[in-house]
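Observations on the three-dimensional arrangement
These are the residues of each chain, in order.
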Amino acid sequence: MPTLDWIGKDKVINHHLDVPYHVLERQYSFDETGQHEEDNDSENMIIHGDNLIALKSLLPRYEGRIKCIYIDPPYNTGNEGWVYNDNVNDPRIKKWLGEVVGKEEEDLSRHDKWLCMMYPRLKLLQRLLADDGFIFVSIDVFEYANLKCLMDEIFGASNFRNCIAVRRGIKNVQAQFDEVQALSLGHEYIYLYSKNPSSKLPKLSKAFEVEKAGKWDTFWRGTDRPTMRYEIFGNCPESGQWRWEKGRARKAIDNYERFLSLYADEYELDDYYIEHLMATNEKLDFVRKNEMGTIQYYVPPQTGKLLSDNWMDILLSGSYAGFDTEKNVLLLDRIIGWITSGDDIILDSFAGSGTTAHAVLNMNKEHGNNCKYILIEMMDYADSLTADRVKRVITGKERKKTVEGTGGNFSYYELGEELMKDGRLNETISPEKIREYIYFTETKNPPEKKPDEPYFLGTYVGTAYYFYYERSELTALNREFLHTVKTRADAYVIYADMCTLSERELEKYHITFKKIPRDITKL
């Protein structure tokens, strides 16, 4: 498969592995009663901080669990003023740090910077995506070709599903000129990839505002297929063809005659069709010869139409928050309503004005779902704009009016300190945060609590886990510690600073010793 090369690629291919793990520090929680310091145990998250670091911080708990990812990264138009800030240990890249990425003619490495920024983030997003999950990436003409190469490399060309076209507003400034350099951009793109080539997309349809009633249409078609010409109602066309093959047509004639003889006095044909469909999940065909002698087939009532990758019925830009690059909530309503259900998790790591959370809350309210959202926004407006919008959607308290809120909740987080510093556990981090990290990396589950066993983490698939750690002293897995273990299990994994038990004793009690910090998993 062809691959794309650029300045710095060799340094960012594995950069996501070098990104240190930071803990997430909850600042406040919010629900329909308002904002408060107490933890409301919400699984919805709004995170303020660099999304590369934040994505790494989500791995222990969410790796392989995200059903739907939508991101709207910088398009690299030259007008956005985005800054390359990833601290990659390479002199060619370090000189980019803190620089505003310039226009095409001013910044010859602007595409290299964009690719270096995107690559490690897409690598982490690929790890977070569930096996049956899908990722949507908005882009326009400035980087869409480069993005396609990146997505093929990271997600696999076999997982490419669609390049969706979405309508953008056109400013009619060209009308005053007789000559122009190029046509106005009338659409942007959304790349759609799956995690697994065997994943199936649900059918996507658009509901009609008014249901279309059933109707009769001519059964003859102009395309010329002799094998599809046969006699029905004493007629056999000399040219063209019937719409269906002979067996299906005969059955459709029988279906209509059965309707006339048994049900026509009680039902309209549309009602009969729908009731039969609901009772049996069978879509009936009908063929008749009308009063004028025309042979017709029945077109059932329609409540919507199947959609393709042409989404020109939706305008890309939104206006709820007045944000420069805000996306239309109807666009996210369609994506999230199409891909997710139940209690799926949706992630947006370039959250902007919070449209993705808005769409999740809309869907939960409309369909009674319990889907969760995770938003990441690095800019300082993460609280004042992103979280503020979500608050207004939940409560219905819009800026100029009050409407019915969606209900819901979230917790707001800042990036905390690194878990490990210079190869050692960061002692400024609370033991509870460390315990959570250890158990998540082992089991993908939150730790349990037992008042009489302070070092117990939990039991998973017959194995009990212990994290014997103290900030101010060395800990040892020894016979004395074994006497404090009360949980019965088939096997044990025990973390400590050292172990004085013999190999024979470890084998006897089915213990796997893990040394702190050497054996702590590095994500």
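The structure this text deals with has already been given above.
Here's what I pulled together on the structure shown here.

Basis of the calculations
Residues numbered from 1 in each chain as written. Predicted model: local features only at pLDDT ≥ 70, side-chain atom pairs only at ≥ 80, totals over all residues. Heavy atoms only, no water. Patch = residues over 30% accessible without salt bridge, like charges linked within 9 Å, V, L, I, M, F, W, Y side chains within 5 Å. Areas by Shrake-Rupley, 256 points an atom, 1.4 Å probe, with all protein chains shown as cover. Salt bridge = Lys/Arg side-chain N within 4 Å of Asp/Glu carboxyl O. Lys, Arg positive; Asp, Glu negative; His and termini not counted. Charge placed at Lys NZ, Arg CZ, Asp CG, Glu CD. Helix = DSSP H or I, 4+ residues; strand = E, 2+ residues; numbered from the N terminus. Buried < 20%, exposed > 50% of the residue type's maximum accessible area, 1.4 Å probe, protein only. Axes fitted to C-alpha atoms, helices over the stretch in contact; angles between N-to-C directions. Parallel < 35°, antiparallel > 145°, perpendicular 65-115°, else oblique. Left-handed = near helix turned anticlockwise from the far one by under 90°. Contact = heavy atoms within 4.5 Å. Nonpolar A, V, L, I, M, F, W, Y, C, P; charged D, E, K, R; others polar. Phe/Tyr/Trp six-rings, centres within 6.5 Å; stacked < 30°, edge-to-face > 60°. Lys NZ or Arg CZ within 6 Å of the ring centre and 35° of its normal. Pairing = 2+ DSSP bridges. Polar contact = N/O pair within 3.5 Å; in protein donor to acceptor, adjacent residues only side chain to side chain. Expected span 1.5 Å × (residues − 1). Arc of directions from axis to C-beta.

1. Quick notes on a negative patch on the surface
A contiguous patch of negative charge, built from Asp 265, Glu 266, Glu 268, Asp 271 and Glu 275, is present on the exposed surface. Mapped onto the secondary structure, Glu 266 falls in the loop between helix H7 (246-262) and helix H8 (269-280). On the basis of relative accessible area, Glu 266 is assigned to the exposed category, the value being 60%.

2. Observations regarding the packing of helix H3 (residues 51-62) against helix H5 (residues 110-128)
Geometrically, a packed helix pair is captured by the angle between its two axes and the distance between the axes. Packing of H3 against H5 brings their axes to within 10 Å, and their N-to-C directions diverge by 20°. Classified by the angle their axes make, H3 and H5 are roughly parallel. Judged by the sense of rotation from one axis to the other, the crossing of H3 with H5 is left-handed. Contacts between H3 and H5 involve Asn 51, Leu 52, Leu 55, Lys 56, Leu 58, Leu 59 and Tyr 62 on the former and, on the latter, Pro 120, Arg 121, Leu 124, Leu 125, Arg 127 and Leu 128. Across the contact of H3 with H5, the residue classes break down as nine nonpolar, one polar and three charged.

3. A closer look at the pattern of salt bridges
For the coordinates displayed, the defined rule picks out 29 salt bridges. Between Asp 132 and Lys 67 there is a salt bridge; the shortest N-O distance is 3.9 Å. Within this pair, whereas Asp 132 is found in strand E5 (residues 129-139), its partner Lys 67 is found in strand E4 (residues 66-71), the two being separated by 65 residues in sequence. Its relative accessible area of 42% is what places Asp 132 among the partly exposed residues. Residue classification places Lys 67 among the buried positions, given a relative accessible area of 15%.

4. Looking at the packing of aromatic side chains
Enumeration over the complete set of coordinates arrives at 37 aromatic pairs. For the ring pair Phe 136 and Trp 338, a centre distance of 6.1 Å and an interplane angle of 65° mean the geometry is edge-to-face. Highlighted residues: Phe 136 in strand E5 and Trp 338 in helix H9 (residues 329-339), separated in sequence by 202 residues. For the residue pair Phe 136 and Trp 338, the accessibility class agrees, reading buried in each case. Joined through ring pairs, the aromatic side chains of Trp 216, Tyr 256, Phe 259, Tyr 263, Tyr 267, Tyr 272, Tyr 273, Phe 286 and Tyr 298 make up one cluster. Note that Lys 450 overlies the ring of Phe 456, its terminal NZ or CZ placed 4.6 Å from the centroid.

5. Some points on the sheet that holds strand E9 (residues 215-218)
What the three strands build is an open sheet, ordered E9-E13-E12; its pairing is antiparallel. Of all the strands in the sheet, just E9 and strand E12 (287-289) have a single pairing partner and so form its edges. Averaged over all adjacent pairs, the angle separating strand axes in this sheet is 40°, with direction ignored. Pairing of E12 with strand E13 (residues 295-299), which is carried by three bridges, proceeds in the antiparallel orientation. Each bridged residue has a counterpart across the sheet, and for Val 287 the counterpart in E13 is Tyr 297. The strands touched by H7 are E9 and E12; relative to E12, the strand with the most contacts, the crossing angle is about 70°.

6. Observations regarding unusual backbone geometry
For the bond from Ile 516 to Pro 517, the omega torsion is 0°, close enough to zero to count as cis. Checked against the element boundaries, Pro 517 lands in the segment after strand E26 (511-515). Even without glycine at this site, His 510 takes up a positive phi of about 55°.

7. Remarks on the side chain of Glu 143
With respect to the helices, strands and loops of the structure, Glu 143 is situated in the loop between E5 and helix H6 (144-155). At 5.3 Å, Arg 110 is the nearest oppositely charged side chain to Glu 143, a buried residue that forms no salt bridge. In this structure the side chain of Glu 143 is engaged in a polar contact, spanning 2.6 Å, whose partner is the side chain of Asn 76. The residues touching Glu 143, leaving out its near neighbours within four places in the chain, are Tyr 75, Asn 76, His 111 and Trp 114.

8. Observations concerning H7
A rise of 1.5 Å per residue sets the reference length of H7, with its 17 residues, at 24 Å; its end C-alpha atoms lie 24 Å apart and thus fit the reference within 8%. All of the buried residues in H7 are Ala 249, Ala 252, Ile 253, Asn 255, Tyr 256 and Phe 259. Viewed end-on, H7 has its buried residues packed into an arc of 160°, placing them on one side of the element. Seen from the open side of H7, the exposed residues pointing more than 90 degrees away from its buried face are Ser 261 and Leu 262.

9. Considering the sheet that holds strand E2 (residues 34-36)
With mixed pairing, the 11 strands of this open sheet are ordered in space as E2-E1-E18-E3-E17-E16-E4-E5-E7-E6-E15. Edge positions in the open sheet fall to E2 and strand E15 (310-315), since each of these has one partner strand only. Looking at each pair of strands side by side, their axes are set apart by 25° on average, direction ignored. As paired elements, strand E1 (residues 22-31) and E2 share three bridges and run antiparallel to each other.

Everything listed here is a matter of geometry and, on its own, says nothing about what the molecule does.
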